[in-house]
Amino acid sequence: MYAALSKVNTNKLRFISVLQRQYTSLKTLKQSSRCTAIDSLKLEAVRCMSGGHTPSHWKSEKELDMINKVHMDFYPVPEGSWQENYNKRNQKMNMWLLGGSLFLSGTLFLMWKNDAFNFQEITDVTQIKLSGPGLKYMDAKEIPASETTQENVSHTPNPNVNDDSSIAAGAAATGAAASAASDVVKDPIPKHAQYLLIGGGTASFAAFRAIKGRDPKARVLVITNENYPPYMRPPLSKELWFSDQESIANLKFKQWNGKERSIQFEPTSFYVDPSELNDKENGGVSIVTGREVVKLDVTNKKVVLDNGWEVAYDKCLIATGGEPRNLPSILKAGPDVKEKTTLFRRIDDFKKLDSITRSINSIAIVGGGFLGSELACALGKRGRESNLKVIQVFPESGNMGKVLPEYLSQWTTEKVMNEGVEVKSNSTVKSAECENGKIVLNLNNNEQVKVDHVVVAVGLEPNTSLAKASGLETDDAHGGYRVNAELEARSNVWVAGDAACFYDVKLGRRRVEHHDHAVVSGRLAGENMTGAGKPYWHQSMFWSDLGPNVGYEAIGVVDSSLPTMGVFAKATDKDTPKAVVEATGESLRSETEKVSVDSSAAASGMKLNVPQQGPEDYGKGVIFYLRGKVVVGIVLWNVFNKMTIARKVIKDGIEHDDLNEVAKLFEIHGE
């Protein structure tokens, strides 16, 4: 309105100015020609511009000048021309119109995509169709109870409650269907995670500890296909077998010093419910149990779960660990043999084997490595108490023959036999069959082993099931996901633990399957996910206990095919796994190592004696594994709290002409 009035008044002034000039010219003409028509023209023009249409509204020139001056002074002079102003206003209105049209179109499109126009008259809540991003299209009444009950989305399901009975009880409860529908709508699993960890083992635990240490307000979501939050695996083949039945039922074990400890890394109260994770101001860690990630979309930064749900992420860690290998002869056997065979790896495997060994008379353990030898000693002890016959079968000439030099492997085998185990070395299983309720193992030397149950402990196969579907590279030589020295497989995707084939800046490309490596690599991956950018340089160690009296710790490349040199001494009562746990209060050797971190600093000032090789008493000692004159691996046999020294020897990587001088650092003979 303002622009229109201003434009009209301005045009009036311009028209008046033109008429005034014409009037002056005509006046001159009138004076010269005395033409009366000029007066008539002037008066008519003035009448027209004054807005009057009758003679009574005619204005004089002076009156018209005063009126127009007042009107024009009331309006400010605009910037630029009137045409430019009009164009700008027109352009602004067009932009508003375009934005509104786009918003309306987008809203209608989203409503159409989410089936918002499909109106149904429903009176029964169980008939409601549930759909949306990340949700399966299903009837509420068809949702399995395991997908909607609190135990599924919670971080700490009760391991002592039978899943089937829980589901049945939940289904029978009043309003179960309605509450199930409500749970799905509330997104029990977040649709977005700042840090997403795939796998719930030791590597994931170490990773989220590192993430929270560097980013205290971080929101971490862990997805695991197990029914338990992160827990320690080593006690499954060690201390748990030496604990009482009540402790075992509560997933607790007694350390060698008698102190009780939970197998879980953190108590239930530590974790946040997944549905509340993104609402926590200070962040937290949530565990989604009983779910498996089946695909990783690296480009769009999201994962797909086995139930079809999708979770977007900012940073992702793959810590899927490994799956126990089986024997070809067992795989080819019938279902009766498979039913009586245990592949030992998880809590459920331990519970199953613990229950079975309390009701059978004989069991065979196939495998002579760490796990097989530890289980043989543990079950041998139980066998002495319950008349359980334990037979161990392996292809090497002695226990842990792939790791220990032959003389020490043979000595270890004698220790295992002293635990009541019948050892069959240099033996492989050619075939297996079920006969009269027992499993018959046909060995390569035509010998037969008849037992009630079989445990297969022949190593791990790295879990790389995501590789093909997700476009991730695996290593043909070592297995596992191929990653760089920073443990990164792709942009914003890291791998840690047993599944990582990493580049060791000191020893080259490797893949390690031990607890301490899971801790070290998980911690490094977590730090790098928060921007640390650190390479893998820390040499992880590993350990094994054959009961409370014999144990060893190792680091580096420990391969019995390499040349070795060992220095031994007679052990004392303090040189046992039980003694070191009593001294430090920690059963995990990676933690006892931290307790004695200052031991290497004192090494340079110790008063040392030259070690002397004992006859055949391998009570305690140190074994060096060599490539040329360079030490690449070390085994500390019943020698504890010296791992920092061993790590430094390997890290230095120098040639040694006399390893006796190096052995002095470990003080195996005392002062």
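A brief structural summary. These numbers come from a predicted model, not from an experiment.

A look at the nonpolar core
One finds Leu197, Val220, Leu221, Leu296, Val303, Leu317 and Trp637 to be the most contacted residues of the largest nonpolar core, which totals 106 residues. In contact with leucine 296, other than residues within four places in its own chain, are Lys302, Val303, Tyr313, Cys316, Ile318, Leu466, Ser470, Leu472 and Val493.

Description of the sheet that holds strand E14 (residues 389-393)
If you trace the five strands from one edge of the open sheet to the other, you get E12-E19-E13-E14-E15, paired in parallel fashion. Looking at strand neighbours, the two that pair on one side only are strand E12 (341-343) and strand E15 (421-424), the edges of this open sheet. Pairwise comparison of adjacent strand axes, ignoring direction, gives a mean angle of 20 degrees for this sheet. Both strand E13 (residues 362-366) and strand E19 (residues 453-456) contribute to a ladder of four bridges, which runs parallel. Bridged to valine 366 within E19 is valine 456. Strands in contact with helix H13 (residues 347-356) are E12, E13 and E19; relative to E12, the strand with the most contacts, it is inclined by about 145 degrees. In the packing of helix H15 (residues 406-418) onto the sheet, the strands contacted are E14 and E15, and the crossing angle to E15 comes to about 140 degrees.

Digging into the packing of aromatic side chains
The full count for this structure, using the stated rule, is 14 aromatic pairs. A centroid spacing of 6.4 Å and a plane angle of 85 degrees characterise the contact between tyrosine 228 and tyrosine 231, whose relative ring orientation is edge-to-face. Taken individually, tyrosine 228 and tyrosine 231 each receive the classification buried, so the pair is uniform in this respect. Here phenylalanine 370 and tyrosine 552 contribute two aromatic rings whose centre-to-centre distance is 6.3 Å and whose plane-to-plane angle is 40 degrees, an arrangement assigned as tilted. Residue phenylalanine 370 is found in helix H14 (residues 370-386), and its partner tyrosine 552 is found in strand E27 (residues 551-556); the two are separated by 182 residues along the sequence. An aromatic cluster of three or more residues is present, and its members are Phe205, Phe208, Phe265, Phe270 and Tyr271.

Remarks on helix H20 (residues 643-652)
In terms of residue burial, H20 counts as a mostly covered element, since seven of its 10 residues are buried. Positioned one or two residues after H20, glycine 653 has a phi angle of 60 degrees, which is positive.

Description of the sheet that holds strand E28 (residues 564-569)
Read from one edge of the open sheet, five strands run E26-E27-E30-E29-E28, paired in antiparallel fashion. Each edge of the sheet is formed by a strand with only one pairing partner; in this case those strands are strand E26 (541-545) and E28. Each adjacent strand pair in this sheet contributes to an overall mean axis angle of 15 degrees, direction not counted. Two elements, E27 and strand E30 (residues 630-637), share five bridges in a ladder whose sense is antiparallel. Each residue of the ladder has a partner; that of glutamate 553, found in E30, is leucine 636.

Section: the pairing of strand E4 (residues 219-223)
Most of E4 is tucked away: four of the five residues are buried. Across four bridges, strand E3 (residues 192-198) lies against E4 in parallel orientation. For tyrosine 195, the partnering residue across the bridge sits in E4 and is valine 220. Looking at chain direction, E4 and strand E7 (residues 284-288) are connected through five bridges and run parallel. Counterpart to leucine 221 in the pairing with E7 is serine 286.

Calculation criteria
- Residues numbered from 1 in each chain as written.
- Predicted model: local features only at pLDDT ≥ 70, side-chain atom pairs only at ≥ 80, totals over all residues.
- Heavy atoms only, no water.
- Core = buried A, V, L, I, M, F, W, Y, C linked by side-chain atoms within 4.5 Å.
- Buried < 20%, exposed > 50% of the residue type's maximum accessible area, 1.4 Å probe, protein only.
- Contact = heavy atoms within 4.5 Å.
- Pairing = 2+ DSSP bridges.
- Helix = DSSP H or I, 4+ residues; strand = E, 2+ residues; numbered from the N terminus.
- Axes fitted to C-alpha atoms, helices over the stretch in contact; angles between N-to-C directions.
- Phe/Tyr/Trp six-rings, centres within 6.5 Å; stacked < 30°, edge-to-face > 60°.

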